[in-house]
Amino acid sequence: VSLWYAPMAWLGGDAVDTGVLIETEGETIARVTTGHAVPPGESHRCADIVIPGLANAHSHCFHRALRGRTERGGGTFWTWRAQMYDVAAQLTPDSYLALARATYAEMALAGITCVGEFHYVHHDANGVPYADPNAMGAALTQAAADAGVRITLLDTCYLTGGIGRPLEEAQRRFSDGDAEQWAARASRRTSAAHVRIGAAIHSVRAVPADQLAVVASWAAQRSAPLHVHVSEQRAENDECVAKYGRTPTHLLAENAVLSDLATLVHATHLTDDDVARIAGARARVCMCPTTERDLGDGIGPARTLSAAGATIVLGSDSHSVIDPFEEARALELDERLRSERRGHWRAAELLRAATSDGHRALGWPDAGRLEAGCRADFVSLDLGTPRTAGADIANALEFVVFAATSADVRDVIVGGRRVVADGAHQLVDDVAGGLRAAVAAVMG
Ligand SMILES: [Zn+2]
């Protein structure tokens, strides 16, 4: 049994509790009690406020190599994608492992205890399977172990270069040929203590309508998470309507993809009918606000979806920054810009999207909450930094969501193990140096 004492903690409501003692047994929270005036002598001391571990529900870890490098010269989502393919072409199992390890270590330092990796770089640069056809995915799960975080490997089916179009050269390494061969390869993956296996459909651009149900049934048979990029760009909607006579969401609904296992990523440009279908199916939507603004996608209808009954979760996607607090507050702040009004989301709602709801979307329903029986994954923040100074018990939650950054994270505990202590990663030496070397290796 270990005892962890926090002056304040968020236990899920609209206010914080004080004098919080978290008792852990192995990897699990055994008890949470509040109102302790002084910490028990034998307890570990956490920084000022403790929150549950944060879930990053949508990641392409290799995009970390593009940070800063794609910000010059304008362009569109589609010119950005060409730069992204140049990096994808450089990846090998070894360079992928190094880049993923460093990127997941950066996530851990930001308070992220679980990542959903939307993984489609399966084969070598010529599209030929490696001796182990899952070598690239194995690099990712190894990287997560090295960085001390949980991972849901969302093994992605990617077959075409657009609706009815062959793969481009850069996309060949993403494809298994057809959905049955994707399923055969994905079925050889195994979960582990820190690993869940899920499925993904890259998009309606990359998986033909008649193969969508193969991926959906693979996920349904396993009760596994099923993620899919949807309507990030208007061009995708236009192409889908032109070829299939229906929106991407409508097409997914007709092919058994929408269910409570499904998470639709972005969902930026939806019709009212799309919103009703998503909410009616109890599917989730993963917003990636820092990426959506970086790529000029638009502002997704998060509040409208939530009001209709869909759960919203969050991801850092292309990693133009990795800061879960920035993703959370962006839901509210983007809505303010669009509506010219304030106060659409409460801080606790935004934090729930970043914690328990995100973990559910990744197949970890017993993580992301500070409750007995849940996984002992939690994070502390310093409320005395230049960004957070002035916080008190009445507004600590608002300071965390609307003012804190990843730099204010002090301790990160995953499964009862302290992965970050006083802002320093305990398993990966020199995270910045690792990132620098790993980025250089894939940028040529
Ligand atoms: Zn994505």
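In this text, all values refer to a predicted model and were calculated from it rather than measured experimentally.

A. The coordination of the zinc ion, seen in detail. Within the protein, the zinc ion binds to H58 (NE2), H60 (NE2), H229 (NE2) and D317 (OD); these donor distances fall in the range 2.0 to 2.8 Å. Of note is the zinc ion, whose 4 donor atoms meet at the metal with angles of 84 to 172° in an arrangement that counts as irregular. Donor residues for the zinc ion, ordered by position in the chain, follow H-x1-H-x168-H-x87-D. With H60 in the loop between β6 (54-59) and α1 (77-90) and H229 in strand β10 (residues 226-230), this pair connects stretches of sequence that are 169 residues apart. Considered together, H60 and H229 belong to a single accessibility category, that of buried residues.

B. The arrangement of empty space enclosed by the protein in detail. Scanning the entire structure with this criterion turns up 3 cavities of 30 Å³ or more. Lining the largest cavity are 17 residues, and of these F77, W80, M84, H202 and H229 sit closest to its centre. For the lining of the largest cavity, the leading source of residues is α1, giving 5 residues. In terms of residue class, the lining of the largest cavity is made up of 7 nonpolar, 6 polar and 4 charged. Around the second largest cavity, the lining residues are A55, N56, I112, L314, G315, S316, D323, P324, E327 and A354. Contributions of two or more residues to the lining of the second largest cavity are made by β6 and α11 (324-339). Along the lines of polarity and charge, the residues of the lining of the second largest cavity split into 5 nonpolar, 3 polar and 2 charged.

C. View of α1. In a regular helix each residue adds 1.5 Å, so 14 residues correspond to 20 Å; α1 covers 21 Å between its end C-alpha atoms and thus fits that length. Buried residues along α1 sit against α15 (431-443). Two or three places before W78, at the opening of α1, T76 has a side-chain oxygen 3.0 Å from that residue's backbone nitrogen.

D. Focus on the pairing of strand β9 (residues 195-201). In terms of burial, β9 is a largely internal element, 6 of the 7 residues being buried. Where strand β8 (residues 150-157) lies against β9, 7 bridges are found, and the strand directions are parallel. The residue bridging C157 from the neighbouring strand is I201, located in β9. Once the chain exits β8 it traverses helix α4 (residues 179-186) before rejoining the sheet at β9, and the crossover so formed is right-handed. Both β9 and β10 contribute to a ladder of 3 bridges, which runs parallel. Its bridge partner being in β10, A200 is matched across the sheet by H227.

E. Structural view of the side chain of S59. For S59, the location among the structural elements is in strand β6. Classification of S59 by relative accessible area gives buried; the value is 0%. Here the side chain of S59 touches C61 through a polar contact of 3.4 Å, landing on its backbone nitrogen. The contact partners of S59, leaving out residues within four places of it in the chain, are Y104, M107, V115, G116, E117, F118, D317 and H319.

F. The arrangement of the state of the cysteines in detail. For the structure on display, the rule yields 0 disulfides. Note on C46: no disulfide assigned, nearest cysteine sulfur contributed by C374 at a separation of 17 Å. Residue C46 is classed as buried on the basis of its relative accessible area of 10%. The closest cysteine sulfur to the non-disulfide-bonded C286 is located on C288, 4.0 Å from its own sulfur.

G. Layout of the pairing of strand β2 (residues 17-25). Here 7 bridges tie strand β1 (residues 2-9) to β2, and the two strands are oriented antiparallel to one another. Bridge pairing in β2 places A6 opposite V20. The sheet contact formed by β2 and strand β3 (residues 28-33) spans 5 bridges and is antiparallel. Residue pairing in the sheet places T24 in a bridge with I29 of β3. Between the end of β2 and the start of β3, which pair antiparallel, lie 2 residues, with G26 showing a positive phi angle near 60°.

H. Expanded view of unusual backbone geometry. Of note in this structure, A267 is not a glycine but carries a positive phi near 50°. Relative to the helices and strands, A267 is located in the loop between β11 (262-266) and α8 (272-280). One non-glycine residue, H319, lies in the positive phi region at around 60°. Tracing the chain through its elements places H319 in the loop between β13 (311-314) and α11. The class of H319 is buried, set by a relative accessible area of 0%.

I. Spatial organisation of α11. Spanning 16 residues, α11 covers 23 Å between terminal C-alpha atoms, matching the ideal 22 Å at 1.5 Å per step. The largest bend in α11 amounts to roughly 40° and is located at A330. Of the residues flanking the start of α11, the one acting as N-cap is D323, its side-chain oxygen 3.0 Å from the backbone nitrogen of F325.

J. Structural context of the pattern of salt bridges. Counted according to the given criterion, the structure contains 28 salt bridges. Residues D411 and R418 are paired through a salt bridge, measuring 2.8 Å at the closest nitrogen-oxygen approach. A relative accessible area of 5% places D411 in the buried class. Each of D14, R303, R346 and E349 takes part in one network of salt bridges that share partners.

What counts as what
- Just so you know, the residues in each chain are numbered from 1, in the order the chain's sequence is written.
- Reporting of local features is limited, given that this is a predicted model, to residues whose pLDDT is at least 70; pairs of side-chain atoms are given and counted only at 80 or more, and all residues count toward the totals for whole chains, interfaces and linings.
- Note: side-chain values were computed over all heavy atoms of the structure, leaving out hydrogens and water.
- For Na, K and Ca the donor cut-off is 3.2 Å; for every other metal, N, O and S atoms count as donors within 2.8 Å. Water does not enter the count, which can leave sites looking incomplete.
- By the criteria applied here, four donors are tetrahedral when all angles lie between 85 and 135 degrees, four are square planar and six octahedral when opposite donors are over 155 degrees apart and every other angle lies between 65 and 115, and any other arrangement is irregular.
- Secondary structure follows DSSP: runs of H or I at least 4 residues long count as helices, runs of E at least 2 residues long count as strands, and numbering of each begins at the N terminus.
- Think of it in three bands: residues with accessible area under 20% of the maximum for their type are buried, residues over 50% are exposed, and the middle band is partly exposed, with areas taken using a 1.4 Å probe on protein chains only.
- Only protein atoms enter the calculation, which uses a 1 Å grid: trapped sets of points that fit a 1.4 Å probe without letting it out are cavities, open sets showing protein on both sides within 12 Å along at least five of seven lines are pockets, and any residue with an atom within 4 Å of a point is a lining residue.
- Grid points are joined across faces, edges and corners, and a volume is the space filled by probe spheres set on the points.
- Amino acid classes used here: Ala, Val, Leu, Ile, Met, Phe, Trp, Tyr, Cys and Pro are nonpolar; Asp, Glu, Lys and Arg are charged; the rest, including Gly, are polar.
- Under the convention used throughout, the expected extent of a helix is 1.5 Å for every residue step, that is, one less than its residue count.
- Residues count as neighbours in contact if any of their non-hydrogen atoms are within 4.5 Å of one another.
- As used in this structure description, the phrase polar contact means that two N or O atoms lie within 3.5 Å; if the pair is within protein, one of them must be able to donate a hydrogen and the other to accept it, and residues adjacent in sequence are counted only when both atoms belong to side chains.
- Two strands qualify as a pair provided DSSP detects at least 2 bridges between them.
- Whether a crossover is right-handed depends on one test, that the path from the first strand over the helix to the second runs clockwise when the strands point away from the viewer.
- By convention in this document, the label disulfide applies to cysteine sulfur atom pairs within 2.5 Å.
- Values of bend correspond, residue by residue, to the angle between axes fitted over the seven residues ending at that residue and the seven starting there.
- We count a salt bridge whenever a side-chain nitrogen from Lys or Arg sits within 4 Å of a carboxyl oxygen from Asp or Glu.

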